[in-house]
Amino acid sequence: MGTIVTPYLTLAAILFCIGLYGALTKKNGVIVLLSIELMLNAVNLNLVAFSKLGDHPALTGQIFSLFNITIAAAEAAVGIAILITIYRNKGTSEVNEMDSMKR
């Protein structure tokens with residue numbers, strides 16, 4: 001099992017690290033949301049790889065992956081709606097400027 005799954009896990013780890021870097025270092029809210037989506041896709045790749053190539057292949061990982069895609073789509077829609085509202089009110093989409101809850 002180890003040698004077959006290794007390329008998928010390596011790719012998922014690289015995708016997750018790129019997404020984590022983008023989520024922690026970028027200032028633009030849209031880029032942060034895209035980075036979170038990249039991390040969720042890395043998780044989906046892990047779920048499908050283990051589901052298909054694990055010791056006991058089953059559809060559970062693929063079903064969890066579909067649920068994860070659904071949740072990611074809802075998260076992206078809500079996140080973009082919040083970003084558009086903040087952009088209309090403040091005129092910027094930078095994460096550093098989104099501090100209206102602090103006051």
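Residues numbered from 1 in each chain as written. Predicted model: local features only at pLDDT ≥ 70, side-chain atom pairs only at ≥ 80, totals over all residues. Heavy atoms only, no water.

Let's talk about the overall build of the protein
Moving on, step 1. For the protein, the count of helices and strands is 3 helices and 0 strands.
Moving on, step 2. Secondary structure elements in the protein, listed N-terminal to C-terminal, are α-α-α.
Moving on, step 3. What you see for the protein is a C-alpha radius of gyration of 17 Å, clearly larger than the 13 Å of a compact globule of 103 residues, by over 25%.
Moving on, step 4. Counting only C-alpha atoms and orienting by the principal axes, one finds that the protein spans roughly 55 × 25 × 20 Å.
Moving on, step 5. With the model as given, the accessible surface of the protein reaches about 7,200 Å², and the carbon-plus-sulfur share is 70%.
Moving on, step 6. Here the protein contributes 7 positive and 6 negative side-chain charges, whose respective centroids are spaced 6 Å apart. (Helix = DSSP H or I, 4+ residues; strand = E, 2+ residues; numbered from the N terminus. Rg over C-alpha atoms; globule rule 2.2 N^0.38 Å. Areas by Shrake-Rupley, 256 points an atom, 1.4 Å probe, with all protein chains shown as cover. Lys, Arg positive; Asp, Glu negative; His and termini not counted. Charge placed at Lys NZ, Arg CZ, Asp CG, Glu CD.)

As for the UniProt feature "transmembrane region" (unreviewed entry) in the protein
Moving on, step 1. Sequence positions flagged by UniProt for "transmembrane region" (unreviewed entry) are, in local numbering, residues 6–24, 31–51 and 63–87.
Moving on, step 2. Split by type, residues 6–24 is 100% helix and 0% strand. Its first and last C-alpha atoms lie 27 Å apart.
Moving on, step 3. Summarising residues 31–51: 100% helix, 0% strand, and an end-to-end C-alpha distance of 30 Å. (UniProt positions renumbered as here; feature names shortened; annotations may be inferred.)

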